[in-house]
Amino acid sequence: MNKAYIEVNPNRVLGKRDKMIYGHFIEHFHRQIYGGIYDPGNPLSDKEGFRTDVIEALKNIDVPTIRWPGGCFVSNYPWKDGVGQTRMPFFDKAWRVEESNQFGTDEFISFTRKVGAEPYICTNAGTGSSEDMSDWVEYCNLKDQGKWAKLRVENGYIDPHHVKYWSIGNENYGHWEMGAKDIEEWGRFVRESAKMMKRVDPSIELFAASISDLDWNINLLREAGKYLDWISIHGYWDTLNEVNDLSDYETCMTYTLKIEPQILKTKYILGSLGYLGKIKIAFDEWNLRGWHHPHVDSVTEDFLTPRDKNDLNASYTMADAVFTACFLNQCLKHCDVVGMANFSPTVNTRGAIFTHSDGIVLRSTYFIFEMFTKYMGDQVIDTWTSNGDSFQVEAKEGVVEVPSLDIVATSHENSSKISVSVVNRHPDQSKEISMNMKELDRFENVKVYSLQSDSKDDFNDVDNPDKIKINETEFIVPESDPFTINLPPHSVHVLVFH
């Protein structure tokens, strides 16, 4: 076994991460809302209908922000029918189901407050208008001025909701989206919507649906760049829309190499147009695996029942955990430009939490968020690796060389601790690492938080909820020699020197 050597320089701070990279996303799809976070009548729900076990699980990982209500759903969402005492159901043309509107804006705000997260509202830029969007800001953020703020007060919410984050649209570049726009339409629409929304509340931060495409962003930023604080990009690497044929562990490891190019391409576009440092990237929908929703346009085929396959817990293995850690590592490495990310979704479907009538299952990805939010620091520091090996994977594009290790080091602004995220992607080989650090002798102990499992295909389920869990060990830091540790295959670790 080759030993990899890691050098960490705590004195060279590369940037400060925004905790918003640990955000989540929830949409009106399948069981995410109803039977997920909102389940009136269930003994596990509070008097407002929110699942208390879900709330506690999200509080435990200190979720900083939650994006809602979509997703594709939002592009035909009449938000005004989802507030007040009388709720008007509508037929959701994105997912072809009736939406009761029982869960609307005020319920979403209440849920985020219970979790302790900042609400992030994505607006309807499909069938909606610029006026609808600005009315929504008025409803949420004005004290009592105008029709919509007065309606909120009438609905029993005297104080404004103070929603800071607002997105104009969701994937409006895509043919699949209700009210999709072409390049020229989109720039003008975003500009006029942004003007109205910021006239209502100039303090809000605005996002616009985007993609890592030069032509799309040239027009968007030339037309509306001066009004924007963020551009929103999405990523699902294991595409499963029509066929739920999940990629194996090794293929998923090749997907970890496709995260950074999307960030860099978007960063270079921002820089070339003069917006680097002014507009940040929000990766506000992301997950290894795309949602399964086949036959959505079919007349004869069942398009509802197949969606249950998203909730098969056997789908969420160490591959998902390792990918998630690699994604968050990339957000840390590029903290100069990536300021927010929203795991998609929060609960059920491909979520980190699975709900059933008697409780919840914490999937493998949940524990990655627990490790990063609790133990990683807020300042990214310099690190480099030598003698790190790789393994080959036969992929669609040919043979892919995948580095075994993925490493990011952080310091803690308000303490002397150093935290290092170390991922061993290798499917079946342990890796020994030797870590050296300037002033290593100032540390006495290192706590190691590890997520590992006997098999790369292990998963948690209702009958076996603890197959994958975080293990904690502690070591004495050597006085003169580098700190050496052996990392099992397909594993994720956070090392905290203190």
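Residues numbered from 1 in each chain as written. Predicted model: local features only at pLDDT ≥ 70, side-chain atom pairs only at ≥ 80, totals over all residues. Heavy atoms only, no water.

For the protein chain, the name recorded in an unreviewed UniProt entry is non-reducing end alpha-L-arabinofuranosidase, with Aquibacillus albus as its organism. UniProt annotates the protein chain under Sequence similarities (unreviewed entry) with the comment "Belongs to the glycosyl hydrolase 51 family." Regarding the protein chain, the relevant UniProt record gives this comment under Pathway (unreviewed entry): "Glycan metabolism." (UniProt positions renumbered as here; feature names shortened; annotations may be inferred.)

**Here we look at the overall build of the protein chain**
A tally of helices and strands in the protein chain yields 10 helices and 23 strands. Taking 23 Å as the expected radius of gyration for a compact globule of 498 residues, we find that the protein chain reaches 23 Å, a close match to that expectation. With the C-alpha coordinates aligned to their principal axes, the bounding extent of the protein chain is approximately 70 × 50 × 45 Å. For the protein chain, the proportion of its 498 residues judged to be buried stands at 60%. Of the contacts made within the protein chain by residues no fewer than 6 positions apart, 74% connect residues no fewer than 24 positions apart. Accessible surface for the protein chain amounts to roughly 19500 Å². Of this, 47% is attributable to carbon and sulfur atoms. Each charge class in the protein chain can be summarised by its mean position, and for the 51 positive and 75 negative side chains these summaries are 5 Å apart. (Helix = DSSP H or I, 4+ residues; strand = E, 2+ residues; numbered from the N terminus. Rg over C-alpha atoms; globule rule 2.2 N^0.38 Å. Buried < 20%, exposed > 50% of the residue type's maximum accessible area, 1.4 Å probe, protein only. Contact = heavy atoms within 4.5 Å. Areas by Shrake-Rupley, 256 points an atom, 1.4 Å probe, with all protein chains shown as cover. Lys, Arg positive; Asp, Glu negative; His and termini not counted. Charge placed at Lys NZ, Arg CZ, Asp CG, Glu CD.)

**Side note on helix α4 (residues 146-154)**
Every buried residue of α4 is listed here: Trp 148, Ala 149 and Arg 152. Buried residues along α4 cover an arc of 100° about the axis, so they all sit on one side. The outward face of α4, more than 90 degrees from its buried face, is lined by the exposed residues Lys 147 and Glu 154. Lining the buried residues of α4 we find α3 (130-141). Downstream of α4 by a residue or two, Gly 156 has a phi angle that is positive, lying close to 100°. (Arc of directions from axis to C-beta.)

**Regarding the packing of helix α8 (residues 259-272) against helix α9 (residues 318-333)**
At a minimum axis separation of 10 Å, α8 and α9 run at an interaxial angle of 25°. Relative to α9, the element α8 is oriented roughly parallel. At the point where α8 passes α9, the crossing takes the right-handed sense. The segment α8 lies against α9, with Ile 259, Glu 260 and Ile 263 engaging Phe 323, Cys 326, Phe 327 and Gln 330. Considering only residue class, the contact of α8 with α9 consists of 5 nonpolar, 1 polar and 1 charged. (Axes fitted to C-alpha atoms, helices over the stretch in contact; angles between N-to-C directions. Parallel < 35°, antiparallel > 145°, perpendicular 65-115°, else oblique. Left-handed = near helix turned anticlockwise from the far one by under 90°. Nonpolar A, V, L, I, M, F, W, Y, C, P; charged D, E, K, R; others polar.)

**Considerations on unusual backbone geometry**
In this model, Gly 70 is joined to Gly 71 through a cis peptide bond whose omega is 10°. Inspection of the secondary structure puts Gly 71 in the loop between β3 (65-68) and β4 (90-92). Here the residue pair Ser 344 and Pro 345 is connected by a cis peptide bond, since its omega of -5° sits within 30 degrees of zero. Tracing the chain through its elements places Pro 345 in the loop between β11 (338-343) and β12 (353-356). Even without a glycine there, the phi angle at Arg 96 is positive, about 60°. Relative to the assigned elements, Arg 96 resides in the loop between β4 and β5 (97-99). You can call Arg 96 partly exposed: its relative accessible area is 25%. Of note in the backbone geometry, His 490 takes a positive phi value of approximately 40° without being a glycine. Along the chain, His 490 turns up in the loop between β22 (483-487) and β23 (491-497).

**Re the nonpolar core**
A general tendency of soluble globular proteins is for nonpolar side chains to be buried together. Of all hydrophobic cores here, the largest spans 119 residues; its most connected members are Trp 166, Ile 168, Trp 286 and Phe 327. With 11 residues, the top contributor of residues to this core is α9. Here this core spans two domains, since at least three of its residues come from each of domain 1 (3-12 + 379-497) and domain 2 (18-375). Counting residues in each nonpolar core, the second largest holds 23 residues, with Leu 405, Ala 409, Val 422 and Val 448 among its members. (Core = buried A, V, L, I, M, F, W, Y, C linked by side-chain atoms within 4.5 Å. Domains from an automatic or database assignment.)

**A few points about the sheet that holds strand β18 (residues 418-424)**
Strands sit in the order β21-β20-β23-β18-β17-β14-β1-β19-β22 across an open sheet of 9 strands; the sheet is mixed. Of all the strands in the sheet, the pair left with one neighbour each is β21 (470-476) and β22. The sheet shows a mean angle of 25° between the axes of neighbouring strands, taken without regard to direction. Seen against the sheet, α9 touches β14 (379-386), β17 (405-411), β18, β20 (445-451) and β23 and runs at an angle of roughly 50° to β17. Sheet strands touched by helix α10 (residues 364-375): β18, β20, β21 and β23. Its angle to β20, the strand with the most contacts, is close to 160°. (Pairing = 2+ DSSP bridges.)

**Some remarks on the environment of Ala 224**
With respect to the helices, strands and loops of the structure, Ala 224 is situated in helix α6 (residues 214-224). For Ala 224, a relative accessible area of 0% gives the class buried. For the pair Ala 224 and Leu 142, spaced 82 residues apart in the sequence, the C-alpha separation amounts to 24 Å. Beyond its immediate chain neighbours, meaning those up to four positions away, Ala 224 contacts Gly 187, Val 190 and Arg 191.

**Section: the pairing of strand β19 (residues 431-437)**
Within a regular strand, side chains alternate between the sheet's two faces. Counting buried positions along β19 yields 5 of 7 residues, so the element is predominantly enclosed. Of the strand pairs in this sheet, strand β1 (residues 3-16) and β19 are connected by 6 bridges, and their pairing is parallel. In the strand pairing of β19, Ala 4 is matched with Ile 433. Note that β19 and β22 share 5 bridges and pair antiparallel. What sits directly across from Lys 431, in β22, is Leu 487.

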